[in-house]
Amino acid sequence: MSNAKPALGVALLGCGVVGSQVVRLLGEQADDLAARVGAPLRLAGVAVRRLGRKRDAEVDPALLTTDAEALVTRDDVDIVVEVIGGIEPARSLILAAMARGKSVVSANKALLAEDGATIHRAARENGADLYFEASVAGAIPLLRPLRESMAGDRVRRVLGIVNGTTNYILDKMDSTGASFTDALEEAQALGYAEADPTADVEGFDAAAKAAILAGIAFHSRVTAADVYREGITDITAADVASAKGMGYVIKLLAICARSDDGRSAGVRVHPAMIPRSHPLAGVREAYNAVFVEAESAGRLMFYGAGAGGAPTASAVLGDIVAVARNRLAGTRGPEESTYADLKVHPMGDSVTRYHVSLDVADKPGVLARVADTFARRDVSIQTVRQEGRGDDARLVLVTHRASDAALSGTIEDLRELDIVRAVASVMRVEGDEAP
């Protein structure tokens with residue numbers, strides 16, 4: 001008498017870069033996956049927009065369908081894997097699946113950051129699992145350690161590089177002296193950047209990931225709208241060279257930090273200078289890395305491939321195995337934790353250091369007037385140096401820690417001074433506290 005358990009049906013929504021790799025891995029690793037789960041995983045169907053499109057992995061044409069809703073509500077489907085991205089129709093399809101008791105694995109950072117509350121509520125009300133490791137940092141095991149391994153600790157701060165496209169661009173600007181435009185074109189030629197790179201270079205992608213990270217780390221509901229966001233399109237080769245000359249490198253960082261009193265949190269994405277001695281400074285090309293700082297665990301670093309079909313599919317498969325095991329055991333994974341309900345404070349309350357570059361008139365008293373302008377806003381100057389003379393004079397100042405509101409007010413005041421021809425650049429400075 002056989003003790004073999006019936007196969008679990010998997011419905012896949014999307015068969016692009018990530019989806020095609022999920023199909024490949026489900027086929028190539030079928031025996032190993034069955035052994036790990038305790039039952040076979042059977043690909044029940046693949047929903048696509050166009051049936052005849054050439055795909056990166058061979059898919060049985062009989063599995064392809066354009067009727068995604070019919071697929072996710074079929075009785076022979078146990079797990080729905082969503083890798084189509086965007087808000088709709090992904091949200092409606094996930095909700096339809098959960099209404100039928102299907103568990104869901106998703107890589108959809110945009111949906112989870114915009115309307116995660118609705119998805120989590122549907123999972124809870126219908127007794128379904130929701131796993132989404134692949135939504136942040138590709139193959140890097142990050143969300144599950146935050147959500148499960150560190151459930152007994154208090155996370156103070158999350159600091160990281162979570163967008164491979166922007167990291168590749170900034171790395172090339174730093175290593176070769178290329179302009180932003182040239183580095184972006186190279187990233188597009190290599191497939192690291194989309195034809196329309198807006199979501200990456202303007203920080204939208206990283207902001208969605210920061211919202212998910214902050215929500216898990218601080219047990220609070222955080223949406224993409226709560227995240228302060230700046231992209232990298234204004235970073236110039238001169239900015240990168242200036243940072244390099246001071247022993248810094250520029251990275252696009254996602255920063256989630258509890259306030260000192262623990263009652264609120266700041267969540268922000270923006271370019272920042274970090275010391276070259278900082279481990280994040282050595283994260284090259286399209287890789288991702290994230291620091292997590294907790295009261296008991298101290299500082300932890302997660303590093304690896306943050307994007308790409310196979311790496312992201314690896315995270316998806318890990319979630320499929322976890323969900324499948326839960327279904328066989330009649331259990332569910334951890335639910336959304338929002339008990340802390342921390343408020344997200346405005347960017348003006350965030351505190352850091354700043355690098356400010358000013359084009360100024362080269363005459364006596366300039367430095368004194370500039371220093372007085374900083375002092376009136378209670379922003380303390382740590383270092384200052386002058387580059388050039390005459391019409392090309394430039395003051396480069398680095399401040400001590402100050403609030404973003406105080407620095408913004410200082411910059412407005414500086415622009416009103418007759419001795420300041422232009423505020424050439426303003427860059428936040430992070431990471432000096434790292435080991």
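All values derive from a computational prediction rather than experimental measurement.

Right, let's talk about the pattern of salt bridges for a bit. Summed over the entire model, instances satisfying the criterion amount to 29 salt bridges. Of the charged contacts, one joins Glu-430 and Arg-157 as a salt bridge, the two residues approaching to 2.9 Å between their closest N and O atoms. Taken as a pair, Glu-430 in the segment after strand S18 (420–429) and Arg-157 in strand S7 (residues 155–161) lie far apart in primary sequence, 273 residues in all. Each of the salt bridges in this network shares a partner with another, and the network as a whole consists of Arg-157, Arg-268, Glu-293, Arg-299 and Glu-430.

Cross-referencing UniProt, the feature "active site" (unreviewed entry) maps to Lys-209 in the present numbering. Tracing the backbone shows Lys-209 in helix H10 (residues 204–218). In this structure Lys-209 touches Lys-109, Ser-135, Val-136, Val-162 and Asn-163, once residues within four positions along its chain are discounted.

Taken domain by domain, the protein comprises domain 1 (8–136 + 310–329), domain 2 (142–306) and domain 3 (347–429). One C-alpha centre belongs to domain 1, the other to domain 3; they are set 51 Å apart.

This part is about the nonpolar core. Counting 78 residues, the largest nonpolar core has Met-98, Leu-142, Ile-169, Leu-213 and Val-292 as the members making the most contacts within it. Among the elements that make up this core, the one with the highest residue count is H10 (11 residues). Counting contributing residues per domain, this core is built from domain 1 (8–136 + 310–329) and domain 2 (142–306), each supplying no fewer than three. Grouped together as the second largest cluster of nonpolar side chains are 33 residues, Val-22, Leu-41, Leu-64 and Ala-134 included.

Another point: the sheet that holds strand S2 (residues 41–47). If you walk across this open sheet you meet the six strands as S3-S2-S1-S4-S5-S6, and the pairing is parallel. Two strands in the sheet have a free side with no partner beyond their single neighbour: strand S3 (64–65) and strand S6 (130–131). Of the strands in this sheet, strand S1 (8–13) and S2 touch helix H1 (residues 17–28), which is tilted by about 155° from S2.

A contiguous nonpolar surface patch, about 300 Å² in accessible area, is contributed by Tyr-287, Met-301 and Tyr-303. Within the secondary structure layout, Tyr-287 lies in strand S11 (residues 287–294).

So, about the UniProt feature "binding site: L-homoserine" (unreviewed entry) in the protein. Per the UniProt annotation, the sites labelled "binding site: L-homoserine" (unreviewed entry) are Glu-194. Tracing the sequence through the fold places Glu-194 in the loop between helix H8 (180–189) and helix H9 (198–201). Residue classification places Glu-194 among the exposed positions, given a relative accessible area of 55%.

Along any regular strand, the residues point their side chains to alternate faces of the sheet. Side-chain alternation along strand S4 (residues 79–82) places Ile-79 and Val-81 on one buried face and Val-80 and Glu-82 on a second face that is also buried. Judged from the four bridges that link them, S4 and strand S5 (residues 103–106) form a sheet pairing that is parallel. Across the sheet, Val-80 pairs through a bridge with Val-104, a residue of S5. Note on the crossover from S4 through helix H4 (residues 90–99) to S5: the handedness is right-handed.

Here we come to the packing of aromatic side chains. By the definition in use, this model includes two aromatic pairs. Judged by centre distance (4.7 Å) and plane angle (40°), the ring pair of Tyr-168 and Tyr-192 falls under tilted. Taken together, the positions of Tyr-168 in helix H7 (residues 164–176) and Tyr-192 in the loop between H8 and H9 put the pair 24 residues apart, joining distant regions of the chain. Ring geometry for Tyr-287 and Tyr-303: centres 5.5 Å apart, planes at 10°, overall stacked. In this pair, Tyr-287 sits in strand S11 while Tyr-303 sits in strand S12 (residues 298–305), placing the two residues 16 residues apart along the sequence. On the accessibility criterion, Tyr-287 (37% relative accessible area) is partly exposed. The class of Tyr-303 is partly exposed, set by a relative accessible area of 49%.

What follows deals with helix H14 (residues 404–416). Side chains that are three or four residues apart share a direction in an α-helix, a result of its 3.6 residues per turn. A rise of 1.5 Å per residue sets the reference length of H14, with its 13 residues, at 18 Å; its end C-alpha atoms lie 19 Å apart and thus fit the reference within 8%. Turning to H14, the residues buried within the fold contact strand S14 (351–360), helix H13 (366–376), strand S17 (402–403) and S18.

Our next topic: the side chain of Glu-133. Here Glu-133 lies in the loop between S6 and helix H6 (143–149). In this structure, Glu-133 is buried with no salt-bridge partner, the nearest side chain bearing the opposite charge being Arg-144 at 4.5 Å. One polar contact links the side chain of Glu-133 to the main-chain amide nitrogen of Leu-143, over a distance of 2.9 Å. Within polar-contact distance, the side chain of Glu-133 engages the backbone nitrogen of Arg-144 at 2.8 Å.

Time to look at H13. Along H13, the residues classified as buried are Val-366, Val-370, Thr-373 and Phe-374. The buried residues of H13 all sit within an arc of 95° when viewed along its axis, so they share a single face. Of the exposed residues in H13, the ones pointing more than 90 degrees away from its buried face are Ala-368, Ala-375 and Arg-376. Contacts made by the buried residues of H13 are with S14, strand S15 (381–387), strand S16 (394–399) and H14. Positive phi appears at Asp-378, one or two residues downstream of H13, with a value of about 60°.

Quick notes on the rules
Sequence order sets the numbering: in each chain, residues are counted from 1 along the sequence as written. Per-residue local features of the predicted model are confined to residues with pLDDT of at least 70, and side-chain atom pairs are confined, for both listing and counting, to 80 or more; whole-chain, interface and lining totals are unaffected and use all residues. Values reported for side chains reflect all heavy atoms of the structure, with hydrogen atoms and water molecules removed beforehand. Here, a salt bridge means any side-chain nitrogen of Lys or Arg that lies within 4 Å of a carboxyl oxygen of Asp or Glu. Helix and strand definitions here come from DSSP, where helices need a minimum of 4 consecutive H or I residues and strands a minimum of 2 consecutive E residues; each element is numbered from the N-terminal end. UniProt positions are given in the numbering used here, feature names are shortened, and annotations may be inferred rather than shown by experiment. A contact between two residues is defined here by any heavy atoms of the two lying within 4.5 Å. The start and end points of each domain follow an automatic or database-based domain assignment. Buried residues of nine kinds, namely Ala, Val, Leu, Ile, Met, Phe, Trp, Tyr and Cys, make up a nonpolar core once their side-chain atoms join them within 4.5 Å. Each residue gets one of three labels from its accessible area relative to the maximum for its type: buried under 20%, exposed over 50%, partly exposed in between, using a 1.4 Å probe on protein chains only. Should DSSP find at least two bridges between two strands, the strands are regarded as paired. The axes are straight lines fitted to the C-alpha atoms, using for helices just the contacting stretch, and the angles between their N-to-C directions are given from 0 to 180°. Any residue with relative accessible area above 30% and no salt bridge may belong to a patch, with like charges joined within 9 Å and the nonpolar Val, Leu, Ile, Met, Phe, Trp and Tyr side chains within 5 Å. To be clear on the numbers: accessible area is Shrake-Rupley with a 1.4 Å probe, and residue cover counts the displayed protein chains and nothing else. Look down the strands so they point away from you; if going from the first strand over the helix to the second traces a clockwise path, that crossover is right-handed. Here is the rule: rings of Phe, Tyr and Trp (six-membered ring for Trp) pair when centre to centre is within 6.5 Å. Planes less than 30 degrees apart are stacked, more than 60 are edge-to-face, and the remainder are tilted. Take the number of residues in a helix, subtract one, and multiply by 1.5 Å to get its expected span. Here the positive residues are Lys and Arg and the negative ones are Asp and Glu; neither His nor the chain ends is included. Pairs of N or O atoms within 3.5 Å make up the polar contacts considered here, provided that, within protein, one atom can donate a hydrogen while the other can accept it, and that residues adjacent in sequence are counted only when both atoms are side-chain atoms. This arc corresponds to the set of directions leading from the helix axis out to the C-beta atoms.

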